[in-house]
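Below, each chain spelled out in residue letters.
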Amino acid sequence: MQVDIITPEKIFFTKKNIPMVTIPAIEGQMGVLDDHLPIITFLKPGMIKIGEKENQYFFTTGGVVDFKSNFLSILCQEIYSLEDLSDKKIKELSDRAKKKTEKINSSDKDIFLSFTLLDELKALQVK
Amino acid sequence: MPSLKDLRNRITSVKSTQKITKAMKMVAAAKLRKAQENAEKGRAYSDKMKRIVNNLKKNITENTSAPKLLVGTGKGDTILCIVMTADRGLCGGFNTNIVKKSKEYFDEIINSNKKLKIITVGSKGNDQLKRIYKDYIIKKISYKNIKNISINEASELTSQVIDMYYKDEFDVCTIFYNKFKSVISQEPQAQQIIPVEGLEQNNDDEQIKEQYEFEPDETEILEYLLPQNITTQIYKAFLENAASEQGSRMSAMDNATRNAGDLIDKLTINYNRSRQAVITKELIEIISGAESL
């Protein structure tokens, strides 16, 4: 299948003939193989794993996924390759997430997503 | 009749003006290329987003459970207008065109006894609008100090707008910006972003409809997606506006440079003519002086 990762600024990543992609869908990790059912779902913060054996990892703070006739499009506002995730960047992201959790008028979903982001970032730092 | 020295001074001053406009044109051309590139790169995201929202919208059958952002509040009493202009002038009719377009719309709203609220983005639009619509402007935003407008600015604006929407402060939201068509033509646009509008219903899309699976259900995805969609729309407007501004400035400065060139030619002819007149006059004086001896 062809995988496109698109951000508002540019097409971040595009590659053909990828056997499998693992995405952090909102209802749990989801592996997408060739000829998957057409599906639209959205992502919680986490790792996108591309490939089966030789993997490429990207970290996203959330996004939308659209799969149809072996085209997988991942739309996300923010995505980072592992090299881009310096300690400074991680701190910046977690500060922002923390602020969101403290906001009074945030919806439950926002708070849940922000906490997930914080957890994921912590896991990254341990690595 | 201006003296020779006056003419000379004017020529030099026009020449230096021409140098400035030429430089500005060059800068605008360089910036335009980048802005255009950005606008094109951003198109992939907004197109895709539009298609997904389209698909979701078609699958929603019950209007009652649908998110408010999609179907609206059911009334249209208060209208929020976001007018996007540049922070800098000297770009031809760029700012004026947007303001003109928005003024027409404002008058329509006021005449039909609806409530109007205005947010201005960019200081030039604010300057032009505050004279007449001062009482309606509830917020002014300027990105003068930010070099490259990123998605973060757009999402900040969106979250403010959505907050207001949920507080029932307005029912309909429209943005005004210049759509970039080409370097010489930009079109002022009014686009309604809340409730979501302008999703075309093509017959080709009908076939896609039933094939999709949604996880979780459509309504929940839409709730998550619609604010993002609005951010995308606003961001797209930012990008289009940035490209239009540079394009507009480029052609304005090109015109100015050419006008300055014309003016210099005219002044030079005048200068030479009066120089010759002076010489002729002196000759006549000498000759008639010699004759009278």
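Note that the coordinates shown come from a computational prediction; the quantities given were computed from them, not determined experimentally.

A. Seen up close, the overall build of chain A. A count of helical and extended segments in chain A gives 2 helices and 10 strands. Shown N-terminal to C-terminal, the secondary structure of chain A runs as helices and strands in the order β-β-β-β-β-β-β-β-β-β-α-α. The C-alpha radius of gyration computed for chain A amounts to 15 Å, which stays within 12% of the reference 14 Å derived for 127 residues, consistent with globular compactness. With the C-alpha coordinates aligned to their principal axes, the bounding extent of chain A is approximately 45 × 30 × 25 Å. Each of the 127 residues in chain A was classed as buried or not, and the buried ones make up 51%.

B. Inspection of the overall build of chain B at higher detail. Helix and strand content of chain B: 7 helices and 6 strands. Counted from the first residue to the last, chain B has its helices and strands arranged as α-α-β-α-β-α-β-α-β-β-α-β-α. Against the 2.2 N^0.38 benchmark of 19 Å for 293 residues, chain B shows a C-alpha radius of gyration of 28 Å, more extended than a compact globule. With the C-alpha coordinates of chain B rotated into their principal frame, the extents come out at 110 × 40 × 35 Å. Per-residue burial over chain B gives 43% buried out of 293 residues. Long-range pairs, those at least 24 residues apart, make up 76% of the contacts in chain B between residues at least 6 apart in sequence. For chain B, the exposed surface amounts to about 16200 Å²; the carbon and sulfur share of it is 49%. Here chain B holds 45 positive side-chain charges and 39 negative ones, and the gap between their average locations is 11 Å.

C. Focus on the pattern of salt bridges. Residues and elements named next belong to chain B. Within the structure shown, the criterion is met by 10 salt bridges over all chains. Lys181 serves as the salt-bridge partner of Glu187, at 3.2 Å between the closest nitrogen and oxygen. Look at Glu187 and you get partly exposed, because its relative accessible area is 33%. Salt bridges sharing common partners tie together Lys25, Asp254 and Arg258.

D. Region of the structure containing the pairing of strand β4 (residues 28-33) of chain A. Residues and elements named next belong to chain A. Across 6 bridges, the pairing between strand β3 (residues 20-25) and β4 is antiparallel. Within β4, the residue paired with Ala25 across the bridge is Gly28. A loop of 2 residues connects β3 with β4, the two strands running antiparallel in sequence.

E. Examining helix α1 (residues 4-59) of chain B more closely. Between its first and last C-alpha, α1(B) extends 79 Å over 56 residues, near the 82 Å set by a 1.5 Å rise per residue. The largest bend in α1(B) amounts to roughly 30° and is located at Arg43(B).

F. Examining the sheet that holds strand β1 (residues 78-84) of chain B more closely. Residue and element names in this part refer to chain B. Judged by pairing direction, the sheet is mixed, and its 5 strands sit side by side in the order β3-β2-β1-β4-β5 without closing on themselves. Whereas interior strands pair on both sides, the edge strands pair on one side only; in this sheet they are β3 (137-141) and β5 (186-194). The mean inter-strand angle of the sheet, taken between neighbouring strand axes irrespective of direction, is 20°. For strand β2 (residues 115-121) and β3, the ladder comprises 4 bridges, and the chain directions are parallel. The partner of Thr120 across the bridge, within β3, is Lys140.

G. Fine view of the pairing of strand β8 (residues 63-68) of chain A. Residues and elements named next belong to chain A. Of all the 6 residues making up β8, 5 are buried; the element is thus mostly covered by neighbouring parts of the structure. As defined by bridge partners, strand β5 (residues 39-43) adjoins β8 across 5 bridges and the pair is classed as antiparallel. The residue of β8 that forms the bridge with Ile40 is Asp66. For β8 and strand β9 (residues 71-76), the ladder comprises 6 bridges, and the chain directions are antiparallel. Of the residues in β9, the one forming a bridge with Val64 is Leu75.

H. Focus on the environment of Lys115(B). Residues and elements named next belong to chain B. Along the chain, the position of Lys115 falls in strand β2. What makes Lys115 exposed here is its relative accessible area of 57%. Separated by 101 residues in the primary sequence, Lys115 and Val14 have C-alpha atoms spaced 49 Å apart. Sequence-distant contacts of Lys115, defined by excluding residues within four places in its chain, comprise Asp77, Thr78, Ile79 and Ile109.

I. A look at a positive patch on the surface. Taken together, the side chains of Lys31(B), Lys34(B), Arg88(B), Lys144(B) and Lys147(B) make up a positively charged region of the molecular surface. Mapped onto the secondary structure, Lys34(B) falls in helix α1.

J. Broad picture of the side chain of Thr60(A). Residue and element names in this part refer to chain A. You can see Thr60 is positioned in strand β7 (residues 56-60). Within the local environment of Thr60, its side chain forms a polar contact with the backbone nitrogen of Gly62, the two atoms lying 3.1 Å apart. Contacts of Thr60, omitting those with residues within four sequence positions, involve Leu43, Pro45, Gly46, Ile48, Cys76, Glu78 and Ile79.

K. Focus on the domain arrangement of chain B. Partitioning chain B into domains gives domain 1 (4-20 + 254-292) and domain 2 (32-249). The gap between the C-alpha centroids of domain 1 of chain B and domain 2 of chain B is 54 Å.

Criteria and cut-off values
Residues numbered from 1 in each chain as written. Chains lettered and ligands numbered in written order. Predicted model: local features only at pLDDT ≥ 70, side-chain atom pairs only at ≥ 80, totals over all residues. Heavy atoms only, no water. Helix = DSSP H or I, 4+ residues; strand = E, 2+ residues; numbered from the N terminus. Rg over C-alpha atoms; globule rule 2.2 N^0.38 Å. Buried < 20%, exposed > 50% of the residue type's maximum accessible area, 1.4 Å probe, protein only. Contact = heavy atoms within 4.5 Å. Areas by Shrake-Rupley, 256 points an atom, 1.4 Å probe, with all protein chains shown as cover. Lys, Arg positive; Asp, Glu negative; His and termini not counted. Charge placed at Lys NZ, Arg CZ, Asp CG, Glu CD. Salt bridge = Lys/Arg side-chain N within 4 Å of Asp/Glu carboxyl O. Pairing = 2+ DSSP bridges. Expected span 1.5 Å × (residues − 1). Bend = angle between axes of the 7 residues up to and from the residue. Axes fitted to C-alpha atoms, helices over the stretch in contact; angles between N-to-C directions. Patch = residues over 30% accessible without salt bridge, like charges linked within 9 Å, V, L, I, M, F, W, Y side chains within 5 Å. Polar contact = N/O pair within 3.5 Å; in protein donor to acceptor, adjacent residues only side chain to side chain. Domains from an automatic or database assignment.

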